[in-house]
Amino acid sequence: MSSRAASSDLLQIRFWGVRGSTCASGPQFVEFGGHTPCVEIRCGERLFIVDAGTGLSALGAQLGPSAPKDIDILLSHLHLDHIGGLPFFKPALLGQDRVIRTYCGNLEGDSAMASLDRLFAPPLFPVRLGQLPARFEHHGFKAGQPLVFDDGARVETCLLNHPGGATGYRFRHRNRSVCYISDVEHSEPWPDTDLVAFIRDADLVIYDGMFCDSEYTNCRGWGHSTWQKGVELVQTAGAKALAIFHLYPGHDDAFLKICEAEMQKNMPTAFVARERQLVTLEAEEEPAAAAAEPKAVLAKA
Ligand SMILES: [Zn+2]
Ligand SMILES: [Zn+2]
């Protein structure tokens, strides 16, 4: 079915980095991968990149010289695991006709510019972003306000409970939608009613399930959640599928597969996100003809 759909009808998500806090590496981390957060979202041909963790370098290599001239990178926040890939993003080296825009929503309207200029500068880093061939533009907004782009694209945003705040995003395309909810710590009571409203009926929710409930008492206040709270949230909101994301670097493939089997007992469409995994959401048929329950088509590259 997917093979017949025009690419303009598709909402596609590819995970380029799914680890949180820091990278993981070694033979026990092969299936889920080791890069920190970066997700490619295609609304038809339109590219959005969410977060610029170390996975961004692999995405840049994949895009190659045919990368769009203008690239929008929507940052959840500026913790190191979400921005470390920026200077290694190949399209930034392609030429002066390239524009890379970052969007940051958790700094009371300020952009990421001052923070990035402080980090990517000697002695912390040898090259400033401003020295790269492409032109960087940094935009600030207040999480909760929608982002509206020059080409008419629109992305909804919300503020997440995380130290210093983080921004959640909701992308819509041809009646399908995907939400990116990382980094976030669940609140008491749970689920949070504003978050439920934000993700309601989404086709896929990417959620910070860094820990298990059994680990959480030792990690309270760190700004992260559990896969069990993710299942509770998306089921309350009527969302159709759940990708557990921002994986703890100490959780190896064997452990994560046990978690995945456990969560699928409660929610068969829940899964643990894998690096380079592609999720394709095909446009729903209009209007009453849509007979079957829409399903995410999952494939591993
Ligand atoms: Zn993080
Ligand atoms: Zn963080």
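Now for a look at the structure at hand.

## Here's the deal with the overall build of the protein
Phase 1 of the analysis: A tally of helices and strands in the protein yields 6 helices and 15 strands.
Phase 2 of the analysis: Its C-alpha radius of gyration of 18 Å places the protein within 12% of the 19 Å reference for a compact globule of 301 residues.
Phase 3 of the analysis: Principal-axis analysis of the C-alpha atoms gives the protein an extent of 50 × 50 × 40 Å.
Phase 4 of the analysis: A burial count over the protein gives 54% of its 301 residues as buried.
Phase 5 of the analysis: Taking the intrachain contacts of the protein between residues at least 6 apart in sequence as the baseline, contacts between residues at least 24 apart amount to 69%.
Phase 6 of the analysis: Summed over its atoms, the accessible surface of the protein is roughly 13200 Å², and 52% of this surface lies on carbon and sulfur atoms.

## What to know about the coordination of the zinc ion (ligand 2)
Phase 1 of the analysis: Every protein donor of the zinc ion (ligand 2) is listed here as His 77 (NE2), His 79 (ND1), His 162 (NE2) and Asp 183 (OD), and their distances to the metal cover 2.1 to 2.7 Å.
Phase 2 of the analysis: Around the zinc ion (ligand 2), the 4 donor atoms are arranged such that angles at the metal cover 89 to 171 degrees; this shape is classified as irregular.
Phase 3 of the analysis: Each donor residue of the zinc ion (ligand 2) belongs to the same chain, and together they define the spacing H-x1-H-x82-H-x20-D.
Phase 4 of the analysis: Here the zinc ion (ligand 2) and the zinc ion (ligand 1) are spaced 3.5 Å apart, linked through Asp 183, which binds each one.
Phase 5 of the analysis: We classify His 77 as buried; its relative accessible area is 1%.

## Topic: the coordination of the zinc ion (ligand 1)
Phase 1 of the analysis: Around the zinc ion (ligand 1), the protein contributes the donor atoms Asp 81 (OD), His 82 (NE2), Asp 183 (OD) and His 246 (NE2), at 2.1 to 2.2 Å from the metal centre.
Phase 2 of the analysis: Considering all 4 donor atoms around the zinc ion (ligand 1), the spread of angles at the metal, 85 to 173 degrees, places the coordination shape in the irregular class.
Phase 3 of the analysis: In primary-sequence terms, the residues that donate to the zinc ion (ligand 1) follow D-H-x100-D-x62-H.
Phase 4 of the analysis: You can call Asp 81 buried: its relative accessible area is 8%.
Phase 5 of the analysis: Residue class for His 246 comes out buried when judged on its relative accessible area of 0%.

## So, helix H6 (residues 253–266)
Phase 1 of the analysis: The terminal C-alpha atoms of H6 lie 21 Å apart, and with 14 residues this matches the ideal 20 Å at 1.5 Å per residue to within 8%.
Phase 2 of the analysis: Residues of H6 that are buried include every one of Asp 253, Leu 256, Cys 259, Glu 260 and Met 263, and no others. All buried residues of H6 lie within an arc of 120 degrees about the axis, which places them on one face of the element. Across from the buried face of H6, at angles greater than 90 degrees, the exposed residues are Ile 258 and Lys 265.
Phase 3 of the analysis: Those residues of H6 that are buried are in contact with helix H5 (227–237), strand E12 (242–245) and strand E13 (270–272).

## Side note on the packing of aromatic side chains
Phase 1 of the analysis: The full count for this structure, using the stated rule, is 12 aromatic pairs.
Phase 2 of the analysis: Between Phe 120 and Phe 125 the ring centres are 5.5 Å apart and the planes differ by 80 degrees, which places this aromatic pair in the edge-to-face class. For the pair Phe 120 and Phe 125, one class covers both residues: buried.
Phase 3 of the analysis: Pairing Trp 190 with Tyr 207 gives two aromatic rings, centres 6.5 Å apart and planes at 45 degrees, and the pair type is tilted. Linking Trp 190 in the loop between strand E10 (176–181) and helix H3 (193–199) with Tyr 207 in strand E11 (residues 204–208), this pair joins segments that are 17 residues apart in sequence. Take Trp 190 and Tyr 207: they sit in the same class, and that class is buried.
Phase 4 of the analysis: One aromatic cluster is present, formed by Phe 48, Tyr 103, Phe 141, Phe 149, Tyr 169 and Phe 171 through successive ring pairs.
Phase 5 of the analysis: A cation sits over an aromatic face here: Arg 46 above Phe 48, 4.2 Å from the ring centre.
Phase 6 of the analysis: The ring of Phe 149 is capped by Arg 46, whose NZ or CZ atom sits 5.0 Å from the centre of that ring.

## Section: the nonpolar core
Note that soluble globular proteins tend to have their nonpolar side chains buried in a common cluster.
Phase 1 of the analysis: By size, the foremost hydrophobic cluster in this structure holds 60 residues, and its most contacted members are Ile 13, Phe 15, Ile 41, Phe 171, Ile 181 and Ile 206.
Phase 2 of the analysis: A per-element tally of this core places H5 first, with 5 residues.
Phase 3 of the analysis: Excluding residues within four positions of it along the chain, Phe 171 makes contact with Leu 11, Ile 41, Cys 43, Phe 48, Val 50, Leu 74, Val 155, Arg 176, Ser 177 and Val 178.
Phase 4 of the analysis: Counting 28 residues, the second largest nonpolar core, distinct from the first, contains Ile 49, Leu 63, Leu 86 and Ala 92.

## So, the packing of H5 against H6
Phase 1 of the analysis: With their axes 11 Å apart at the nearest point, H5 and H6 run at an angle of 25 degrees to one another. Taken together, the axes of H5 and H6 are roughly parallel relative to one another. Considering how the two elements wind past one another, H5 and H6 form a crossing that is right-handed. Between H5 and H6, the residues in contact are Trp 227, Val 231 and Gln 235 and Cys 259, Glu 262, Met 263 and Asn 266, respectively.
Phase 2 of the analysis: Across the contact of H5 with H6, the residue classes break down as 4 nonpolar, 2 polar and 1 charged.

Conventions used here
Numbering of residues begins from 1 in every chain and follows the order in which that chain's sequence is written. Chain labels run from A onward and ligand labels from 1 onward, assigned in the order the entries are written. Two thresholds apply to this predicted model, a pLDDT of at least 70 for residue-level local features and 80 or more for giving and counting side-chain atom pairs, whereas whole-chain, interface and lining totals are computed over all residues. Values shown for side chains rest on all heavy atoms present in the structure; no hydrogens or waters enter the calculation. Only DSSP runs of H or I with at least four residues qualify as helices, and only runs of E with at least two residues qualify as strands; both kinds are numbered from the N terminus onward. Atoms counted for the radius of gyration: C-alpha only. Globule rule: 2.2 Å times residue count to the power 0.38. Summary of the burial criterion: residues with accessible area below 20% of their type's maximum are buried, those above 50% are exposed, and those between are partly exposed, where the area comes from a 1.4 Å probe applied to protein chains only. Contacts are residue-level and defined by heavy atoms, with any inter-residue pair within 4.5 Å sufficient. Note that accessible areas follow from Shrake-Rupley with a 1.4 Å probe, and for residues the cover is restricted to the protein chains shown. Keep in mind that water is not among the atoms, so a site may look incomplete; donors are the N, O and S atoms within 2.8 Å of the metal, or 3.2 Å for Na, K and Ca. The geometry test gives tetrahedral to four donors whose angles all lie between 85 and 135 degrees, gives square planar to four donors and octahedral to six donors whose opposite members are over 155 degrees apart with all other angles between 65 and 115, and gives irregular to the rest. By this rule, a helix spans an expected 1.5 Å times one less than how many residues it contains. By definition, the arc is the one covered by directions from the helix axis to the C-beta atoms. When the centres of two rings from Phe, Tyr and Trp lie within 6.5 Å, Trp using its six-membered ring, the rings pair. Their planes under 30 degrees apart give stacked, over 60 give edge-to-face, and anything left gives tilted. Remark: a charge is flagged as sitting over a ring if the NZ atom of Lys or the CZ atom of Arg is within 6 Å of the ring centre and within 35 degrees of the ring normal. By nonpolar core is meant a set of buried Ala, Val, Leu, Ile, Met, Phe, Trp, Tyr and Cys residues that side-chain atoms within 4.5 Å join together. Helix axes are fitted only over the stretch in contact, all axes being lines through C-alpha atoms; the angle between N-to-C directions runs from 0 to 180 degrees. Here is the rule for angles: anything less than 35 degrees is roughly parallel, anything more than 145 is roughly antiparallel, 65 through 115 is roughly perpendicular, and the remaining ranges are oblique. In this scheme the handedness of a crossing depends on how the near helix is turned from the far one: anticlockwise by less than a right angle means left-handed, clockwise means right-handed. Residues are sorted three ways: Asp, Glu, Lys and Arg are charged, Ala, Val, Leu, Ile, Met, Phe, Trp, Tyr, Cys and Pro are nonpolar, and all the rest, Gly among them, are polar.

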